[in-house]
Amino acid sequence: MNCHDATFLLSQRRERALTRLERLRLKVHAVICPACARFGDHVDMLGTAARNYATLADEDSANSHGADQ
């Protein structure tokens, strides 16, 4: 697996379940390529940050609508 394929799968795992073979190939590649391992960590952090932001935005929206009543 090359870095292009690895980064594609790292992004895809946020959208769908990877196959067993895809997960294995990705793990093997991450062991030999610290840059791709770091990219995977960053993708996970960005996903968490986006989810947290969406939750806060929903709460703010609900609170602002409640103040109107």
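See above for the structure.
Residues numbered from 1 in each chain as written. Predicted model: local features only at pLDDT ≥ 70, side-chain atom pairs only at ≥ 80, totals over all residues. Heavy atoms only, no water.

Concerning the overall build of the protein chain
Alright, step 1. When its secondary structure is counted, the protein chain shows three helices and zero strands.
Alright, step 2. Listing the helices and strands of the protein chain from first to last along the sequence gives α-α-α.
Alright, step 3. Relative to the compact-globule value of 11 Å for 69 residues, the protein chain shows a C-alpha radius of gyration of 18 Å, a clear excess of over 25%.
Alright, step 4. Considering only C-alpha atoms, the protein chain reaches an extent of 55 × 20 × 15 Å along its principal axes.
Alright, step 5. Counting every position in the protein chain, which comprises 69 residues, the buried fraction comes to 17%.
Alright, step 6. Across the protein chain, the fraction of contacts at a sequence separation of at least 24, relative to all contacts at a separation of at least 6, is 63%.
Alright, step 7. For the protein chain, the exposed area adds up to about 5400 Å²; of that, 59% sits on carbon and sulfur atoms.
Alright, step 8. Separation of charge centres in the protein chain, based on 9 positive and 9 negative side chains, amounts to 15 Å. (Helix = DSSP H or I, 4+ residues; strand = E, 2+ residues; numbered from the N terminus. Rg over C-alpha atoms; globule rule 2.2 N^0.38 Å. Buried < 20%, exposed > 50% of the residue type's maximum accessible area, 1.4 Å probe, protein only. Contact = heavy atoms within 4.5 Å. Areas by Shrake-Rupley, 256 points an atom, 1.4 Å probe, with all protein chains shown as cover. Lys, Arg positive; Asp, Glu negative; His and termini not counted. Charge placed at Lys NZ, Arg CZ, Asp CG, Glu CD.)

Some points on the side chain of His29
Alright, step 1. Checked against the element boundaries, His29 lands in helix α2 (residues 20–32).
Alright, step 2. Those residues in contact with His29 that lie beyond four places of it in its chain are Met1, Asn2, Cys3, Ala6 and Cys36.

Section: the nonpolar core
Alright, step 1. In terms of nonpolar packing, the biggest core is built from seven residues, these being Ala6, Leu9, Leu10, Leu18, Leu26, Cys33 and Cys36.
Alright, step 2. The greatest single-element share of this core, amounting to three residues, is contributed by helix α1 (residues 3–12).
Alright, step 3. Beyond its immediate sequence surroundings of up to four residues, Leu10 is in contact with Leu26, Cys36, Phe39, Gly40 and Val43. (Core = buried A, V, L, I, M, F, W, Y, C linked by side-chain atoms within 4.5 Å.)

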